[in-house]
Amino acid sequence: MLALGVQGVLTLVRARRAREIGVAGARWIWIEQSPDRAPLHFSAIRLFDVHAVPRSAQARIFVDQRFVLWVNGSRAGSGGQSPGDAMERYEVSSLLRPGRNVIAIVAESARGIGGILFALDTGGRSPAIVSDGSWTIDPSGRRIAEAGPRRAAVLGRPPMYPWGYPRPRS
């Protein structure tokens, strides 16, 4: 029998838990924090291509504090979470189309700090799209063409906070 040791077992448990909640490979992203922790309102945007629309596409999202999720210009969901809350889940396959697609998350925090954790699962072996450094941030909350793009600040892999992973919604 292979002896993994405590660190090996913890790594396996964390990887399994990440797969269960659909965030394997996802990173916490956010706009760079303002020094005075002033309230923030911004958009996180990700372009991606789809060859064929999948039968099912589940978006899983956790945003500290509030968000609106858009897929190709259609509102897919909204809400807000606090540390320890469950991730929100939305079926978005009807909003996808063959070719270029856009996911936009309009996020805000009254405290000026928070995080976005996102995964789009299309039934493949790994999530199709996850939150990571490839997302573009629009700091003004306006369209990216008006304000100019920036890369998302990557805050780290889950769990990052003392409360651990967001719970899967049952």
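Residue positions are given per chain, counted from 1 along the sequence in the order it is written. Per-residue local features of the predicted model are confined to residues with pLDDT of at least 70, and side-chain atom pairs are confined, for both listing and counting, to 80 or more; whole-chain, interface and lining totals are unaffected and use all residues. Calculated side-chain values reflect all of the structure's heavy atoms, with hydrogen atoms and water omitted.

Overview of the overall build of the protein
So, point 1. Summing up its helical and strand segments, the protein has two helices and 12 strands in all.
So, point 2. When its helices and strands are written in sequence order, the protein yields α-β-β-β-β-β-β-β-β-β-β-α-β-β.
So, point 3. Each residue gets one of three labels from its accessible area relative to the maximum for its type: buried under 20%, exposed over 50%, partly exposed in between, using a 1.4 Å probe on protein chains only. Relative to its 170 residues, the protein shows a buried fraction of 43%.
So, point 4. Only heavy atoms enter the contact rule, under which two residues are in contact if any of them lie within 4.5 Å. Relative to all contacts within the protein whose residues are 6 or more apart in sequence, the contacts with residues 24 or more apart total 74%.
So, point 5. Surface accessibility follows the Shrake-Rupley procedure with a 1.4 Å probe radius. Residue values consider only the protein chains on display as shielding. Total accessible area on the protein is roughly 9300 Å²; 52% of this is exposed by carbon and sulfur atoms. Strands are runs of DSSP state E lasting at least 2 residues, helices are runs of H or I lasting at least 4, and numbering of each runs from the N terminus.

Considerations on the packing of aromatic side chains
So, point 1. Any pair of Phe, Tyr and Trp rings, taking the six-membered ring for Trp, is counted once the centres come within 6.5 Å. Such a pair is stacked with planes under 30 degrees apart, edge-to-face with planes over 60 apart, and tilted for the rest. Tallying each qualifying case throughout the model produces three aromatic pairs.
So, point 2. For the pair W28 and F62, a centre-to-centre distance of 5.8 Å together with 85° between the ring planes defines the contact as edge-to-face. With a gap of 34 residues between them, W28 in strand β1 (residues 28–30) and F62 in strand β3 (residues 58–64) connect regions that are remote in the sequence. Each member of the pair, W28 as well as F62, carries the same accessibility label: buried.

Some details on unusual backbone geometry
So, point 1. A positive phi angle, near 50°, is found at N72, a position not held by glycine.
So, point 2. Structurally, the position occupied by N72 is in the loop between β4 (66–71) and β5 (74–80).
So, point 3. Judged by relative accessible area, N72 falls into the buried class, the value being 15%.

Thoughts on the nonpolar core
As a rule of thumb, soluble globular proteins bury nonpolar side chains together.
So, point 1. The term nonpolar core refers to a set of buried residues drawn from Ala, Val, Leu, Ile, Met, Phe, Trp, Tyr and Cys, joined through side-chain atoms within 4.5 Å. With 29 residues, the main nonpolar core has L69, I105, I116, F118, L120 and W135 as its most contacted residues.
So, point 2. Looking at this core, the elements with two or more residues in it are β1, β2 (40–50), β3, β4, β7 (99–109) and β8 (115–121).
So, point 3. A total of five residues in this core trace back to one element, the largest contributor, which is β2.
So, point 4. Counting residues in hydrophobic clusters, the runner-up holds eight residues, among them V23, A26, L117 and V130.

A word on the pairing of β8
So, point 1. Here β8 lies mainly inside the structure; six of its seven residues are buried.
So, point 2. As paired elements, β8 and strand β9 (residues 129–130) share two bridges and run antiparallel to each other. Directly across from L120, in β9, lies its bridge partner I129. When DSSP finds at least two bridges between two strands, those strands are taken to pair.

Focus on the confidence of the model for the protein
So, point 1. For the protein, the average pLDDT comes to 77, and 67% of its residues sit at 70 or higher.
So, point 2. Residue-level confidence of the predictor, termed pLDDT, takes values from 0 up to 100. Across residues 142–147 the pLDDT falls below 50, and counting only partners more than four positions away or on other chains, this stretch makes eight contacts in the model.

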